[in-house]
Amino acid sequence: MEVDPVAEPILKVEGIHSFIGKHHILQGVSFEVHPGKVTVLLGRNGAGKSTTLRTIIGLLSPSQGTILLKNRAIHHMKPYQISRLGIGFVPEDRGIYNLLTVEENFRVAMLQEERKTREMLKTIFDIFPDLKKFWKAKAGNLSGGQKQMLAIARPLVNRNELLLIDEPSKGLAPIVIDHLIDSINKLKEFTVIILVEQNFYMASSLGDDFYLFDDGKTVHQGQMEELVRNEELKKKYLGISGTN
Amino acid sequence: MSSPWKRWLPTLIVLAIFLSPLLLINPKTYITITISGLAMGMLLFLVSSGFSLIFGFLSVLNLAHGALFAWGAYIGFTSFTLINQWTGWGGSNSIFLNIIIFLLALIVAGLLVALLGIITERLVIRPVYGSHLFQIFITVGAMIVMEELIRIVWGPNDEVMPVPINFMGSWDFFDVVVSRYPLIAIIIGLVLYLVILTILRKTKIGTIVRAGVENPEMVQVMGHNIYRYFTGVFAAGSALAAIGGGMWATFVKSIHPAMGGEVIVFALIVAIIGGLGSMTGSVVGALMVGLSYNYVAYLVPKAALGITMLLLVIILSIRPTGLFPEGT
């Protein structure tokens, strides 16, 4: 099972080891992310998927291994430097500023307020019309789905090339998840996505490539259609059968 | 507790503190004491706002804040004395020149203590980010060192704080005696509050600082160097402490090396009452403490400090996160 070997990867993670306190969480994670694709990181709870995203964005420093963004090493950089290179991050808890308005949330995210940013904002409003509707409202007053849309849309305002999204379906109703899938599908045009997702329905709806995590290591990789058909892998590493 | 009741609670408490003494004090004396209480409140706001902002944004319990306040008072004292020696504006009959020399002394104090704040943040605070216990130890240590430095530079004795000539005495409005300096202190405090609020609400830096109070990790992830903001906020908080120190010294007309330790207790109470990280909370909390302290000091002098503690206990038992837990 191989991902597309032709295109040059936008992100290359090689043999990453990461600790949280004394706990050795990532024990040799390696994967590649290719342009135009949604790469899904899958695995049971505690397999190291979220830790991988936090290591890529620089919130955790890897003790070993390399992370290359378009062949440039970023694993020694600080989160703000990595972000400025074009990586956006949507954490599991969404990380929105509840006490700020939707507009202010975007204002914090905007690294430069110029014409291209304003154009991108229009595109964001086309994809997430609720954000325009509640532009002046406090983010804390939005519904769960709207908060998730804000969290995903916010980093895009800088036209980030790569977006790391951690469990976007968490706590959302099935109908909202469907709406979110549609929206994220539209985002594929603007950015490359790494998605960590427990909800296999969402993961399989959005994913092009997948990597399976187990005990802090990447143990399988391939194209999503293959995983959808492979009941043995799903049962062994995700504890599921079928598509849900 | 129902939601409307919660929303109106701060207003109701302020109104109760503000109006209930009218039952016991004659109206003319009440106005005089109220102005004195408002002035004390505004001065406490200047000290506690910096403390609160630093705690809210950096999550640092800076017990050296009182020493920065004392440094502000001493630098204000020296700069006022020096400028007055050159210009004589402090003794001029022109209130305009009096205000200019007073503001110049405050600006010098604010700038130099902001610099001291930057050094403190870089050398003392930065190694202990994230550990409140170590912050308490190290900032108490820093407070002791800064206080001793004051004794080395200015000597251990009390000094008389020079006051511009037109700031002394009182004005008589319809037979109500209004002390001049408290009124000036209220105006300066209000202007500074509005400036801080405008910066926090209307500028991008202010928006990032408010975002940082809520979630500093995400501020970094959005491409902002959080440590630069940490240093900036610490410097701004230190400058506010210094301005508060200079104005407080003019209010009580004296300075001494340990003056910061006395005021930090009030600053802590005000910041907790208002809600850590909230500017409006700081101003409301400071006015509540300033007014209640002055009313009780007039009626039952020995209970004056006790009333602020009682206020703290009441507020915390009703709202454990302070009156304005939701920022700005």
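This is a predicted model, so every value here is computed, not measured.

### Quick word on the overall build of chain B
For chain B, the helix and strand inventory stands at twelve helices and four strands. At 20 Å, chain B has a C-alpha radius of gyration in line with the 20 Å of a compact globule built from 328 residues. Taken along its principal axes, the extent of the C-alpha atoms in chain B is 60 × 55 × 35 Å. Out of the 328 residues in chain B, the part that is buried amounts to 51%. The contacts of chain B with a sequence gap of at least 6 include a subset with a gap of at least 24, amounting to 79%.

### Some remarks on the overall build of chain A
When you go through chain A residue by residue, the secondary structure sums to ten helices and ten strands. Over its C-alpha atoms chain A spans a radius of gyration of 17 Å, differing by no more than 12% from the 18 Å that the globule rule assigns to 244 residues. Overall, the C-alpha framework of chain A stretches about 45 × 40 × 40 Å when taken along its three principal axes. Once local pairs closer than 6 in sequence are excluded, the contacts in chain A between residues at least 24 apart make up 69%.

### Considering the confidence of the model for chain B
All names here are of chain B. Model confidence for chain B is summarised by a mean pLDDT of 90, while 97% of its residues fall at 70 or above. Within chain B, the element-level pLDDT minimum falls on helix 1 (residues 3-19), averaging 75, and the maximum on helix 3 (residues 65-87), averaging 97. Per the prediction output, this complex has pTM 0.85; the corresponding ipTM is 0.88.

### Describing the sheet that holds strand 1 (residues 11-20) of chain A
Residues and elements named next belong to chain A. An order of 2-1-4-5 is seen for the four strands of this open sheet, with the pairing classed as antiparallel. Sheet topology places strand 2 (23-33) and strand 5 (72-73) at the edges, where each strand pairs with a single neighbour. Alignment of strand 1 against strand 2, held across eight bridges, turns out to be antiparallel. Within strand 2, the residue paired with valine 13 across the bridge is phenylalanine 31.

### Overview of helix 2 (residues 27-58) of chain B
All names here are of chain B. The terminal C-alpha atoms of helix 2 lie 44 Å apart, and with 32 residues this matches the ideal 46 Å at 1.5 Å per residue to within 8%. Along its length, helix 2 reaches its greatest deviation from straightness, about 25°, at serine 48. Burial runs high along helix 2: 25 of the 32 residues are buried. One or two positions beyond helix 2, positive phi appears at serine 59, with a value near 55°.

### Some words on the interface of chain A and chain B
Contact residues are listed per partner, giving 17 residues for chain A and 19 residues for chain B. Elements represented by at least two residues in the side of chain A that touches chain B include exactly helix 2 (79-84) and helix 3 (102-109) of chain A. Its residues assigned to classes, the side of chain A that touches chain B comprises eleven nonpolar, three polar and three charged.

### Concerning the environment of A:Glu225
By the secondary structure assignment, A:Glu225 is in helix 9 (residues 224-229). A sequence separation of 46 residues divides A:Glu225 from A:His179, and the C-alpha atoms of the two residues are 22 Å apart.

### Some words on unusual backbone geometry
Residues and elements named next belong to chain A. Of note, arginine 94 is a non-glycine position whose phi angle comes to about 75°, a positive value. By secondary structure assignment, the location of arginine 94 is in the loop between strand 6 (87-90) and helix 3. With a phi angle near 50°, glutamate 167 is a residue other than glycine that sits in the positive phi range. Secondary-structure assignment places glutamate 167 in the loop between strand 7 (162-166) and helix 7 (174-187).

### Concerning the pairing of strand 6 of chain A
Residue and element names in this part refer to chain A. Burial along strand 6 is two-sided: the residues Ile87 and Phe89 and Gly88 and Val90 are all buried. The sheet contact formed by strand 6 and strand 7 spans four bridges and is parallel. Bridge assignment links isoleucine 87 to a residue of strand 7, and that residue is leucine 162.

### Comments concerning the sheet that holds strand 3 (residues 38-43) of chain A
Residues and elements named next belong to chain A. Across the sheet, six strands lie side by side as 6-7-8-3-9-10; this open sheet has mixed pairing. Two strands in the sheet have a free side with no partner beyond their single neighbour: strand 6 and strand 10 (217-223). Along the sheet, successive strands turn relative to each other by an average axial angle of 15°, direction set aside. The pairing of strand 3 with strand 9 (residues 209-214) spans five bridges and is parallel. Bridge pairing in strand 9 places valine 40 opposite phenylalanine 210.

### A short note on the packing of helix 2 of chain B against helix 9 (residues 226-252) of chain B
Residues and elements named next belong to chain B. Running from N to C, helix 2 and helix 9 cross one another at 165°; their axes reach a closest spacing of 9 Å. Relative to helix 9, the element helix 2 lies roughly antiparallel. Of the two possible hands of crossing, helix 2 and helix 9 adopt the one that is left-handed.

### What about the environment of A:Leu195?
Residue and element names in this part refer to chain A. Locating leucine 195 in the fold gives a position in strand 8 (residues 192-196). For leucine 195, a count of 25 C-beta atoms within 10 Å puts it in the buried group. Here leucine 195 is in contact with Val38, Val40, Ile165, Ala203, Leu206 and Gly207, once residues within four sequence places are set aside.

### Side note on the nonpolar core
Among the nonpolar cores identified, the biggest contains 173 residues, and A:Leu164, B:Leu43, B:Leu44, B:Trp71, B:Val113, B:Val233 and B:Ala267 are the most heavily contacted of them. Leave out the neighbours within four places in its chain, and B:Val113 touches B:Leu68, B:Trp71, B:Gly72, B:Ile75, B:Ser238, B:Ala239, B:Ala241 and B:Ala242.

### So, the environment of A:Asn105
Residues and elements named next belong to chain A. Along the chain, asparagine 105 falls in helix 3. A count of 27 C-beta atoms within 10 Å places asparagine 105 in the buried class. For the pair formed by asparagine 105 and leucine 150, sequence separation is 45 residues and the distance between their alpha carbons is 8.3 Å. If sequence neighbours within four positions are ignored, asparagine 105 has contacts with Ile96, Tyr97, Leu100, Ala139, Leu150 and Arg154.

### Some remarks on the packing of helix 10 (residues 259-274) of chain B against helix 12 (residues 304-318) of chain B
Residue and element names in this part refer to chain B. Relative orientation of the contacting elements helix 10 and helix 12 amounts to 25°, with a least axis distance of 10 Å. Taken together, the axes of helix 10 and helix 12 lie roughly parallel to each other. The hand of the helix 10/helix 12 crossing is left-handed. Residues Phe266, Ile269, Ile272 and Ile273 of helix 10 form the contact with helix 12, whose own contacting residues are Thr308, Leu311, Leu312 and Ile315. For the contact of helix 10 with helix 12, the residue count by class is seven nonpolar, one polar and no charged.

Rules and cut-offs
- Residues numbered from 1 in each chain as written.
- Chains lettered and ligands numbered in written order.
- Predicted model: local features only at pLDDT ≥ 70, side-chain atom pairs only at ≥ 80, totals over all residues.
- Helix = DSSP H or I, 4+ residues; strand = E, 2+ residues; numbered from the N terminus.
- Rg over C-alpha atoms; globule rule 2.2 N^0.38 Å.
- Buried ≥ 20, exposed ≤ 12 C-beta atoms within 10 Å, placed from the backbone.
- Contact = placed C-beta atoms within 7 Å.
- pLDDT = per-residue confidence, 0-100.
- Pairing = 2+ DSSP bridges.
- Expected span 1.5 Å × (residues − 1).
- Bend = angle between axes of the 7 residues up to and from the residue.
- Nonpolar A, V, L, I, M, F, W, Y, C, P; charged D, E, K, R; others polar.
- Axes fitted to C-alpha atoms, helices over the stretch in contact; angles between N-to-C directions.
- Parallel < 35°, antiparallel > 145°, perpendicular 65-115°, else oblique.
- Left-handed = near helix turned anticlockwise from the far one by under 90°.
- Core = buried A, V, L, I, M, F, W, Y, C linked by C-beta atoms within 7 Å.

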